[in-house]
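Spelled out from the first residue to the last, the chains are:
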Amino acid sequence: MTNKEKWRERLAPWVAVVVLVLIWEAAVRLFDVPSFIFPSASATAQALVTFAGPIGMHSWQTLWTTMAGFALGVVVGLGLGFIIGSSRFLYHACYPLLVGFNAIPKVAFVPILVVWFGIGSVPAILTAFLICFFPIVVNVATGLATLEPELEDVLRVLGARRMDVLLKVGLPRSLPYFFASLKVAITLAFVGTVVSETVASNQGIGYLMMSAGSQMRMSLVFAGLIVISAMAMVMYELFALLEKRMTAWAHRGQR
């Protein structure tokens, strides 16, 4: 790949963003859409500047709450995924339960969490955890459960125990699955946090958007949406970079 092609790939997302913003601005102006229904891109940008202080404060609340729930999801997801993936019986026994649990809308848990822990950061952290740990569990368990039987037989012949096979071969083999799940889980964690903040918090971007929506300040609502998207994209790219560094061996044949 030439340097010119690399630069084109790097600039492609920014070009797409600029084109989208121009279409957004032109459509609102062309159809004369009222700002309390659908604000223009320029009005949203103005809201970002005007309310930079409150947005920054609430963004920090949402970010650390999301990261706390995400960290809890990684720890539980990795541990549970290892346990389920290490046993064929547990894999087939627990997988339907995990699917059924994941099918429950997580917003339904928010009232329960409020009763248990009150209004504040704890329900948001737990909602982020509940919504993000499933892909981690599934990917880690799948990576371990799909270990080639031939490879395991060879290692057993060489004297390796079941735990040795899992720790020294299974876990490294599961790393691509694990890092792929992190990219999905971090975006879901933001969804869980914001959902909880709209219902059971007096801080965070979700609370800010709900308050602004009740006052028909749609430009501020859209500013909150942009901030959430930006934070999620930054974290996604961070884990994508970490994935490339940690699992380059798994992607060496894709170039």
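Here is what the cut-offs are and how they apply
- Residues numbered from 1 in each chain as written.
- Predicted model: local features only at pLDDT ≥ 70, side-chain atom pairs only at ≥ 80, totals over all residues.
- Heavy atoms only, no water.
- Helix = DSSP H or I, 4+ residues; strand = E, 2+ residues; numbered from the N terminus.
- Buried < 20%, exposed > 50% of the residue type's maximum accessible area, 1.4 Å probe, protein only.
- Areas by Shrake-Rupley, 256 points an atom, 1.4 Å probe, with all protein chains shown as cover.
- Salt bridge = Lys/Arg side-chain N within 4 Å of Asp/Glu carboxyl O.
- Axes fitted to C-alpha atoms, helices over the stretch in contact; angles between N-to-C directions.
- Left-handed = near helix turned anticlockwise from the far one by under 90°.
- Nonpolar A, V, L, I, M, F, W, Y, C, P; charged D, E, K, R; others polar.
- pLDDT = per-residue confidence, 0-100.
- Core = buried A, V, L, I, M, F, W, Y, C linked by side-chain atoms within 4.5 Å.
- Contact = heavy atoms within 4.5 Å.
- Phe/Tyr/Trp six-rings, centres within 6.5 Å; stacked < 30°, edge-to-face > 60°.
- Polar contact = N/O pair within 3.5 Å; in protein donor to acceptor, adjacent residues only side chain to side chain.
- Arc of directions from axis to C-beta.
- Lys, Arg positive; Asp, Glu negative; His and termini not counted.
- UniProt positions renumbered as here; feature names shortened; annotations may be inferred.

Caption draft 1: Just the overall build of the protein chain, in detail. Within the protein chain, the secondary structure is distributed over ten helices and zero strands. Secondary structure of the protein chain in N-to-C order comes out as α-α-α-α-α-α-α-α-α-α. Residue burial in the protein chain is summarised as follows: out of 255 residues, 37% are buried. For the protein chain, the accessible surface area stands at approximately 14700 Å², while carbon and sulfur atoms represent 71% of it.

Caption draft 2: Seen up close, the pattern of salt bridges. For the coordinates displayed, the defined rule picks out two salt bridges. Glutamate 243 is paired through a salt bridge with lysine 183; the nearest N and O atoms lie 2.8 Å apart. Residue glutamate 243 is found in helix α10 (residues 218–246), and its partner lysine 183 is found in helix α8 (residues 162–200); the two are separated by 60 residues along the sequence. Of the residues examined, lysine 183 reaches a relative accessible area of 15% and is grouped as buried.

Caption draft 3: Local environment of the packing of helix α3 (residues 52–85) against helix α6 (residues 121–145). The interhelical angle for the contact between α3 and α6, taken along N-to-C directions, is 35°, at an axis separation of 6 Å. The two elements α3 and α6 meet at a crossing, and its hand is right-handed. Among the residues forming the contact of α3 with α6, the class breakdown is 23 nonpolar, eight polar and no charged.

Caption draft 4: The confidence of the model for the protein chain, seen in detail. Averaged over the protein chain, the pLDDT score is 84; the fraction of residues at 70 or greater is 88%. Here helix α7 (residues 149–157) is the element of the protein chain with the lowest mean pLDDT, 64, and α3 is the one with the highest, 91.

Caption draft 5: Region of the structure containing the nonpolar core. In this structure, Phe70, Ile136, Phe178 and Leu182 are the most contacted members of the largest nonpolar core, which totals 37 residues. Those elements that place two or more of their residues in this core are α1 (3–31), α2 (41–50), α3, α6, α8, α9 (205–214) and α10. Among the elements that line this core, the one with the most residues is α10, at eleven residues. Dropping the residues within four chain positions of it, phenylalanine 178 is found in contact with Val74, Leu78, Ile136 and Val140. Ranked by size, the runner-up nonpolar core spans twelve residues in total, among them Phe109, Leu113, Phe133 and Val138.

Caption draft 6: Focus on the environment of glycine 56. Examined against the element boundaries, glycine 56 turns out to sit in helix α3. Spatially, the C-alpha atoms of glycine 56 and isoleucine 205 are 9.1 Å apart, while their sequence positions differ by 149 residues.

Caption draft 7: Layout of the packing of aromatic side chains. Using the criterion set out here, one finds ten aromatic pairs in the structure. Each residue in the set Phe101, Phe109, Phe129 and Phe133 is aromatic and connected to the rest through ring pairs, giving one cluster.

Caption draft 8: Region of the structure containing the side chain of threonine 44. Topologically, threonine 44 is positioned in helix α2. A polar contact is formed between the side chain of threonine 44 and the backbone oxygen of serine 40, at a distance of 3.0 Å. Discounting residues that sit within four places of it in the chain, threonine 44 has contacts with Trp24, Pro39, Ser219, Phe222, Ala223 and Ile226.

Caption draft 9: How the structure looks around α9. Taken as a whole, α9 has its buried residues at Ile205, Gly206, Leu208, Met209 and Ala212. Viewed along the axis of α9, the buried residues span an arc of 160°, placing them on a single side of the element. A positive phi of about 60° marks methionine 216, the residue just after α9.

Caption draft 10: Up close: the side chain of lysine 106. Inspection of the secondary structure puts lysine 106 in the loop between α4 (88–103) and α5 (110–117). Salt bridges are absent for the buried lysine 106, whose nearest opposite-charge side chain, glutamate 197, sits at 18 Å. Among residues more than four places away in sequence, those in contact with lysine 106 are Phe101, Thr127, Leu130 and Ile131.

Caption draft 11: Examining the UniProt feature "transmembrane region" (unreviewed entry) in the protein chain more closely. Under the local residue numbering, the UniProt record ascribes the feature "transmembrane region" (unreviewed entry) to residues 12–31, 63–85, 97–119, 125–147, 177–200 and 220–242. Its end C-alpha atoms 28 Å apart, residues 12–31 is made of 100% helix and 0% strand. Along residues 177–200 the backbone is 100% helical and 0% strand, and the end-to-end C-alpha distance reaches 34 Å.

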